[in-house]
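In case you want the letters, here they are:
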Amino acid sequence: MNLSSLIQRLAKFGTSAQAKVLFFIFCLSLTIWVRKNGFDGYQFGQEIGNVSAALADGKGFSNVFDHDSGPTAWTPMFFTSIYGLIFKIFGTKSVYSYWALFFLRSLLLAITFHLATRIDYGTKINRYRFLLLPIFLVFGYFVVLKRGMDDVIFNIFLSMSLMYVISNLFTVGFDKTKLKLYLLALIIPLSNISFFIGLFCFILLTQLSFQLPRIPRGHALALIIVMVLSMSGWGIRNSYTLNQFIPFKSNLWFELYLSNVKDDDGILKFTNFREYHPLSNSAVKQEYKDLGEIEFMEKYRKEALDYLATGGFDFIGKAANRAFNIFIWTQFNINNVAPVDVDRLNEKDIEKLEDKKLILNQEWICIDLTKREFESQVAALDLIAPDQVRQDWGDKKKSNRKAKLKRNNLILGFLMSLLPTLAIIVCLVMNDIRRNPMFLLTLGLFLITIGPYLIISFHTRYQLFQMSFYVIFVFLALATLLDRFVPGYLSDKELQVTS
């Protein structure tokens, strides 16, 4: 078999129904293998799982941190409702719900792959859609399938759905796409504020640009009304239960505070969660319960605004560091807290280290310090056994350094930062693809989606939300390079098959 025949066979299989079924089976099989012993102690997405449990048990949107922590608007309404429905059918946080959620994740990832193969990328690029299968296998394995079940898959699925529906406007027109658009207009405002902004801007642009597919003015207005009413309905509920109109999520100011006021480089760390988050700090949880969600957030809103008013250059520096993590390199799954060897350290020394806020809940929360910085702080504590303290801290810091060089972390960091950036650059410099409508749409939606995280708060989980955009960038770049430098392997006949 020559190379031309091989590429033609791959092209036929890569977008076939059989490939999509096999992709789903791969996702489900790998999930079962990875999660087969993972139920004991599983947190079900923590906040989203807690609120969903309350919802399934008839207590409404509440109890985000405890069984009696009160009404909440901490989590997105749509994703939480799906979790709640699973709990209602299969049992609240039961082993059946555990597997139902992971089955749903495999199904959503397979549908996302299917949608990607149905997008029209243009005549030349369509013939290379078989490349989407290996790209999805790689991204899906490292980004989704090795993780627990949370809201990442919902955002990946919605972002691809948004691109698919908008691409249909270009190919089949508004009349055959309007029901899907109205469904997105209803769901997206309850799911992701960035997608809301992206869809809203696109609808407006269709009324201003002759190069975009036309949405009749009446329908454009109706779509915007549906979006506003959908978000307003959630806001009115929050006005009724929390005495404040909150159209999306309540914790914006809290995350801005954690990433900017309390973080030295603008990237949310495990240490920040340990010290300041109600999930992991019982004192902060009690404060949340005593004050209620709105008063609790008001405190952080004031501190965040004071910081923005006085710390302009510091904020710009942290935003620049977030941009570096987004576009150049970011570290994934690096836990910068480590357990203290309590048998190794003197009990009174541990108390002194806790008072100094070097240890919290028997965990080192200072392993990001340099050796000189740590030595300086320890020297002032008059410890009973300082050598043991230094040794335990040094061992944990060394382990953390090794974790950063683990293969999976390095691959994931490359897939979710540098590789998509290189793909975007390739697309921008090559005439074949630079003006491609699908590339411009994906780039615009990506920048709108990542923008709030770049400005407000950034955690590696938020980077995973962008997988659908990254898959499209990498695919477009590879397809363009293949068509430029290895042309002629797919004839117009094969093109018709793969389209």
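Above this text you will find the structure in question.
Residues numbered from 1 in each chain as written. Predicted model: local features only at pLDDT ≥ 70, side-chain atom pairs only at ≥ 80, totals over all residues. Heavy atoms only, no water.

## Observations concerning the pattern of salt bridges
Link 1 in the chain: If you walk through the whole model with that rule in mind, you get 17 salt bridges.
Link 2 in the chain: The shortest N-O distance in the salt bridge between Asp150 and Arg147 comes to 2.3 Å. The residues Asp150 and Arg147 share a single accessibility class, namely buried.
Link 3 in the chain: One salt bridge connects Asp265 with Lys269, and the closest N-O pair in it is separated by 2.6 Å.
Link 4 in the chain: For Asp265, a relative accessible area of 26% translates into the label partly exposed. (Salt bridge = Lys/Arg side-chain N within 4 Å of Asp/Glu carboxyl O. Buried < 20%, exposed > 50% of the residue type's maximum accessible area, 1.4 Å probe, protein only.)

## Let's talk about the sheet that holds strand E1 (residues 338-339)
Link 1 in the chain: Read across the sheet, three strands follow the order E1-E3-E2 without closing on themselves; strand pairing throughout is antiparallel. The sheet is open, and its two borders are formed by E1 and strand E2 (359-360), each paired with just one other strand.
Link 2 in the chain: Across two bridges, the pairing between E2 and strand E3 (residues 363-364) is antiparallel. Paired with Leu360 across the bridge in E3 is Glu363. (Pairing = 2+ DSSP bridges. Helix = DSSP H or I, 4+ residues; strand = E, 2+ residues; numbered from the N terminus.)

## Remarks on the packing of helix H2 (residues 17-35) against helix H7 (residues 132-145)
Link 1 in the chain: Interhelical geometry of H2 versus H7 gives an angle of 25° and a closest axis separation of 11 Å. Judged on the interaxial angle alone, H7 and H2 are roughly parallel. Between H2 and H7 lies a crossing of right-handed hand. Packed against H2, whose contacting residues are Ala19, Phe23, Phe26, Cys27, Leu30, Thr31 and Val34, the element H7 presents Leu133, Phe136, Leu137, Tyr141 and Leu145 at the interface.
Link 2 in the chain: Considered class by class, the residues forming the contact of H2 with H7 number eleven nonpolar, one polar and no charged. (Axes fitted to C-alpha atoms, helices over the stretch in contact; angles between N-to-C directions. Parallel < 35°, antiparallel > 145°, perpendicular 65-115°, else oblique. Left-handed = near helix turned anticlockwise from the far one by under 90°. Contact = heavy atoms within 4.5 Å. Nonpolar A, V, L, I, M, F, W, Y, C, P; charged D, E, K, R; others polar.)

## Focus: empty space enclosed by the protein
Link 1 in the chain: Counted according to the given criterion, the structure contains one cavity of 30 Å³ or more.
Link 2 in the chain: Estimates place the volume of the largest cavity at around 40 Å³.
Link 3 in the chain: Along its surface, the largest cavity is lined by Arg105, Val143, Val144, Arg147, Gly148, Asp150, Val152 and Ile153.
Link 4 in the chain: Its residues assigned to classes, the lining of the largest cavity shows four nonpolar, one polar and three charged. (1 Å grid on protein atoms, 1.4 Å probe; cavity = no way out; pocket = protein on both sides within 12 Å on 5 of 7 lines; lining within 4 Å. Points joined across faces, edges and corners; volume = space filled by probe spheres on them.)

## Here's the deal with the environment of Phe39
Link 1 in the chain: Residue position: Phe39 is located in the loop between H2 and helix H3 (47-56).
Link 2 in the chain: Between the alpha carbons of Phe39 and Asn272 there is a distance of 27 Å; along the sequence they are 233 residues apart.
Link 3 in the chain: Aside from chain neighbours lying at most four places away, what touches Phe39 is Phe44, Lys93, Ser94, Val95 and Tyr98.

## Focus on unusual backbone geometry
Link 1 in the chain: Unusually for a residue other than glycine, Lys93 sits at a positive phi of about 55°.
Link 2 in the chain: Not every positive phi belongs to a glycine, and Asn361 is a case in point at roughly 50°.
Link 3 in the chain: Mapped onto the elements of the fold, Asn361 is located in the loop between E2 and E3.

## Comments concerning the environment of Gln466
Link 1 in the chain: If you trace the backbone, Gln466 turns up in the loop between helix H23 (460-464) and helix H24 (467-485).
Link 2 in the chain: With 50 residues separating them in the primary sequence, Gln466 and Met416 have C-alpha atoms 8.1 Å apart.

## A closer look at the nonpolar core
Link 1 in the chain: Within the largest apolar cluster, 126 residues are counted, with the highest numbers of intra-cluster contacts made by Tyr121, Phe139, Met416, Met467 and Phe475.
Link 2 in the chain: Sorting elements by how many residues they give to this core places helix H8 (residues 152-171) first, with twelve residues.
Link 3 in the chain: Setting aside its immediate chain neighbours within four residues, Tyr121 contacts Ala116, Asn126, Arg129, Leu132, Asn436, Met438, Ile472, Phe475 and Leu476.
Link 4 in the chain: Ile367, Phe374, Val378 and Val389 belong to the second largest nonpolar core, which has 17 residues in total. (Core = buried A, V, L, I, M, F, W, Y, C linked by side-chain atoms within 4.5 Å.)

## Regarding the packing of aromatic side chains
Link 1 in the chain: This structure, assessed with the given rule, holds 41 aromatic pairs.
Link 2 in the chain: A centroid spacing of 6.1 Å and a plane angle of 85° characterise the contact between Phe23 and Phe136, whose relative ring orientation is edge-to-face. With a gap of 113 residues between them, Phe23 in helix H2 and Phe136 in helix H7 connect regions that are remote in the sequence.
Link 3 in the chain: On the accessibility criterion, Phe23 (2% relative accessible area) is buried.
Link 4 in the chain: Residue Phe136 is classed as buried on the basis of its relative accessible area of 0%.
Link 5 in the chain: An aromatic cluster is built from Phe39, Tyr42, Phe44, Phe78, Phe79, Tyr83, Phe87, Tyr98, Trp99, Phe102 and Phe154, whose rings are joined through pairwise contacts.
Link 6 in the chain: Over the ring of Trp33 we find Lys36, and its NZ or CZ is 3.5 Å from the ring centre. (Phe/Tyr/Trp six-rings, centres within 6.5 Å; stacked < 30°, edge-to-face > 60°. Lys NZ or Arg CZ within 6 Å of the ring centre and 35° of its normal.)

## Quick notes on a positive patch on the surface
Link 1 in the chain: Residues Lys398, Arg401, Lys402 and Lys404 make up a contiguous surface patch of positive charge.
Link 2 in the chain: Along the polypeptide, Arg401 turns up in helix H19 (residues 386-404). (Patch = residues over 30% accessible without salt bridge, like charges linked within 9 Å, V, L, I, M, F, W, Y side chains within 5 Å. Areas by Shrake-Rupley, 256 points an atom, 1.4 Å probe, with all protein chains shown as cover. Lys, Arg positive; Asp, Glu negative; His and termini not counted. Charge placed at Lys NZ, Arg CZ, Asp CG, Glu CD.)

## As for the side chain of Ser259
Link 1 in the chain: Along the chain, Ser259 turns up in helix H12 (residues 252-261).
Link 2 in the chain: Residue Ser259 is classed as buried on the basis of its relative accessible area, which comes to 0%.
Link 3 in the chain: Here Ser259 is in contact with Gly266, Ile267, Leu268, Lys318, Arg322, Ile456, Ser457 and Phe458, once residues within four sequence places are set aside.

## Some remarks on helix H4 (residues 77-90)
Link 1 in the chain: Here H4 contains 14 residues, and its C-alpha end-to-end distance of 20 Å stays within 8% of the 20 Å for a straight helix at 1.5 Å per residue.
Link 2 in the chain: When H4 is considered as a whole, its buried residues turn out to be Phe79, Thr80, Tyr83, Gly84, Ile86 and Phe87. Along the long axis of H4, the arc covered by the buried residues comes to 155°, so they all point the same way. Facing away from the buried side of H4 by more than 90 degrees, the exposed set consists of Leu85, Lys88 and Ile89.
Link 3 in the chain: With its phi angle positive at about 105°, Gly91 sits one or two positions after the end of H4. (Expected span 1.5 Å × (residues − 1). Arc of directions from axis to C-beta.)

## Here we look at H7
Link 1 in the chain: Taking 1.5 Å per residue as the helical rise, H7 with its 14 residues ought to reach 20 Å, whereas the 17 Å between its terminal C-alpha atoms falls clearly short.
Link 2 in the chain: Burial runs high along H7: ten of the 14 residues are buried.

## Describing the packing of helix H5 (residues 95-118) against H7
Link 1 in the chain: Orientation of H5 relative to H7, taken along the N-to-C sense of each, is 150°, at an axis distance of 11 Å. Considered as vectors, H5 and H7 are oriented roughly antiparallel to each other. Our pair here, H5 against H7, has a crossing hand that is right-handed. Side by side, H5 and H7 meet where Arg105, Leu109, Thr112, Phe113, Ala116 and Thr117 of the first sit next to Leu132, Leu133, Phe136, Gly140, Val144 and Leu145 of the second.
Link 2 in the chain: Among the residues forming the contact of H5 with H7, the class breakdown is eight nonpolar, three polar and one charged.

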